[in-house]
Amino acid sequence: MADRSRGGARNLPQGRDPSRLSQQAPRPDAPNRQRRQTRRGPPHPRTHHELDPRKVAFETLRRLKPGDLVDPAVLETLSYLGHGTDFAHRVQPMVEDAVRFAILFDHLIAHVASRPALELDADVRAALHLFLAWFLCGDAKAVYAHGNAAVDLLSDKHKGRGFVNACVRRLGEFLKVETQAPEDYRAVLAAHQPLPLWANRARLGAGRFVSAERGLLPDPQTQLAEHLALACALPRLLVDKLLEQYGPQGAIQACVAAVERPATWLRHNPLAASDSPAAWWISRGIALETAPIEGAVDAIALPWNVNVASHPDFVRGAFYVQDYSAQLVAPAMRPEPGQALLDLCAAPGGKTGHLAELTQDRARILACDLTEAKIERISSNISRMGYRSVATVMADASTVQFPEKFDGVLVDAPCSNSGVLARRVEARHRLDADNLAKLTSLQAAILENATRNLKPNGTLVYSVCSMLMEEGVDVVHKFMTKARENAGWEVEHENFLLPVPGWHDGGYLARLRAPES
């Protein structure tokens, strides 16, 4: 089985019954073979041969609550089952596909089941979601093997085995997988053309589609919101807000971007390596592109599935993995060597490190975040990248006040992650009205507190990896009340960035200037 298999089954040679393998007649050399075996020690109680990635994925998914992070959930399951975390890459793609497309998968199950998927037993629903992930996102030709594997995820005594068996057979007959060359979204958007939508098929990413002969989805011409919510597996609240704030064309672009994996973007660290890391990949035949970043080195875009850690200079910090949209934030501050700079919500440390690079590691930078785990993550990244101008402190960004005032304060506020749903697949399941209200309140509090740590005439940069206006422009504009405008506060720069499918994430940033006194 390939390391990144998504449920592909191993098949014995035709006619071989696995239950009879141990009953075959011994070969003439059997005694000698037995003696050779006795010289070997007993097998390790857990070897990679015992690892069934599908069952680990099932154990993870059946316990996963809506909005839970996938990475730690997979690692926790591997540890619980006695496997090493080195095998996470064989499990995680399955779980990510099941989480990414959960809303779509529930809709597909409803076509063949007698009751809604959300009313099903949790184990039954998890098994059906994994079957659809294997079938639609993996080897479509192995649909029957995937179906058998999904049934076998349930114990022999589980009452849902028959139901799962019936559903997977019907789904295998009802659904088809189509493939074509990946769509050139950038060319379509550059021509100001709408991205196509269909009532009988939905995108699965990278030129892959699920389709059916009869109606699969609501008609996008007459029921656009319903269609986008199901076809792109997004909460209806988000789709409604995107349609209201960006209109049909912008909403379609943002929703489709949640399905298509964006490029892997790198930021060259000139402090650690004078030469760009791009040349190494080019010499190995890997296609890449660059995009200009005002006031900084060009961003480098690699295919999404490239293993960046394979680069010989990764360990010594020659580059940092950071999306194009995120690379716009630190340069917006226009930091200078010798300044005192504060990153209030710094984890995992990417924007903190960018500030260090932009100031030639000659500023005084303080990275702040709320928990010990986040501080450890910042410290680990800072250490790998080799920065010496960064210190860390654990504190609450909404209340902390430092004795020293700063020339620049960066607020990369906690948000819904609605601009990075292609990467943060679980975030869509946390997005509801209550959580959004809590986030906007927290964002306003952090922004307000940032001013208490800023010098007169200082620079304040506010950013979120969200497309929603209530988390971005609305927070800033509420902050810039008439009283503040009269007091001399100024919005010097704003940037709205919708995600581009298969290319980069979305977000918002603003640069504010404090009054001189």
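A brief look at the structure comes next.

So, how was this worked out
Residues numbered from 1 in each chain as written. Predicted model: local features only at pLDDT ≥ 70, side-chain atom pairs only at ≥ 80, totals over all residues. Heavy atoms only, no water. Salt bridge = Lys/Arg side-chain N within 4 Å of Asp/Glu carboxyl O. Helix = DSSP H or I, 4+ residues; strand = E, 2+ residues; numbered from the N terminus. Buried < 20%, exposed > 50% of the residue type's maximum accessible area, 1.4 Å probe, protein only. Pairing = 2+ DSSP bridges. Axes fitted to C-alpha atoms, helices over the stretch in contact; angles between N-to-C directions. Contact = heavy atoms within 4.5 Å. Parallel < 35°, antiparallel > 145°, perpendicular 65-115°, else oblique. Left-handed = near helix turned anticlockwise from the far one by under 90°. Nonpolar A, V, L, I, M, F, W, Y, C, P; charged D, E, K, R; others polar. Expected span 1.5 Å × (residues − 1). Polar contact = N/O pair within 3.5 Å; in protein donor to acceptor, adjacent residues only side chain to side chain. Disulfide = S-S within 2.5 Å.

Under the defined criterion, the tally for this structure stands at 27 salt bridges. Of the charged contacts, one joins Asp412 and Lys351 as a salt bridge, the two residues approaching to 3.1 Å between their closest N and O atoms. In this pair, Asp412 sits in strand 11 (residues 406-412) while Lys351 sits in helix 15 (residues 350-358), placing the two residues 61 residues apart along the sequence. Here Asp412 matches Lys351 in class, with each residue buried.

Moving on: the sheet that holds strand 5 (residues 289-291). The strand order across the open sheet formed by 4 strands is 5-6-4-7, and the pairing between neighbours is antiparallel. A strand with exactly one partner marks an edge of an open sheet, and here the two such strands are strand 5 and strand 7 (319-321). When the angles between neighbouring strand axes are averaged without regard to direction, this sheet yields 30°. Pairing analysis gives 3 bridges linking strand 5 to strand 6 (residues 299-302), with the strands arranged antiparallel. When the sheet's bridge partners are listed, Ala291 is paired in strand 6 with Ala299. Running over the sheet, helix 16 (residues 372-385) touches strand 4 (264-268) and strand 7 and is turned about 150° from strand 7.

Taken together, 3 strands build an open sheet; the order of strands is 1-3-2 and the sheet is antiparallel. Sheet topology places strand 1 (176-179) and strand 2 (201-205) at the edges, where each strand pairs with a single neighbour. Across the sheet, the mean angle from the axis of one strand to that of its neighbour is 30°, orientation sign disregarded. Where strand 1 lies against strand 3 (residues 208-211), 4 bridges are found, and the strand directions are antiparallel. From the neighbouring strand, Glu178 faces strand 3, where its bridge partner is Phe209.

This part covers helix 15. Among the 9 residues of helix 15, 9 are classified as buried, and the element is accordingly described as predominantly covered. Every buried residue of helix 15 is listed here: Gly350, Lys351, Thr352, Gly353, His354, Leu355, Ala356, Glu357 and Leu358. Where helix 15 ends, the next residue or the one after it, Gln360, has phi of about 55°, a positive value.

With that out of the way, let us pick up the pairing of strand 6. Residues Ala299 and Ala301 point to one face of strand 6 and Ile300 and Leu302 to the other, with burial holding for every one of them. Sheet topology note: the strand 4/strand 6 ladder contains 4 bridges and is antiparallel. Across the sheet, the residue bridging to Trp265 is Ala301, located in strand 6.

Direction vectors running N to C along helix 2 (residues 53-63) and helix 6 (residues 122-137) enclose 130°, while the axes themselves pass 9 Å from each other. Classified by the interaxial angle, the pair formed by helix 2 and helix 6 is oblique. Between helix 2 and helix 6 lies a crossing of right-handed hand. Together, Arg54, Ala57, Phe58, Leu61 and Arg62 of helix 2 and Asp123, Ala126, Ala127, His129, Leu130 and Trp134 of helix 6 make up the contact between the two elements. Classifying every residue of the contact of helix 2 with helix 6 by side-chain character gives 7 nonpolar, 1 polar and 3 charged.

Let's shift gears to helix 17 (residues 433-452). Here helix 17 is 20 residues long and its end C-alpha atoms lie 30 Å apart, about the 28 Å a rise of 1.5 Å per residue gives. Every buried residue of helix 17 is accounted for by Leu436, Leu439, Gln443, Ile446, Leu447, Asn449, Ala450 and Thr451. Where helix 17 is buried, its residues contact helix 11 (236-257), strand 11, strand 12 (454-464) and helix 18 (473-479). The opening residue of helix 17 is Asp432, an N-cap whose side-chain oxygen sits 3.2 Å from the backbone nitrogen of Asp434.

This part is about the state of the cysteines. For the structure on display, the rule yields 0 disulfides. Here Cys137 is not disulfide-linked; the sulfur of Cys232 is the nearest cysteine sulfur, at 14 Å. In this model Cys368 remains outside any disulfide bridge; the closest cysteine sulfur is found in Cys345, 7.2 Å from its own. Under the relative-accessibility criterion, Cys368 is labelled buried at 0%.

What follows deals with the environment of Leu512. Positionally, Leu512 belongs in strand 14 (residues 507-513). Relative accessible area serves as the criterion here: at 0%, Leu512 is assigned to the buried category. For the pair formed by Leu512 and Asp219, sequence separation is 293 residues and the distance between their alpha carbons is 44 Å. With residues near it in sequence (within four places) discarded, Leu512 still touches Gly458, Thr459, Leu460, Val476, Phe479, Met480, Trp489, Glu490 and Val491.

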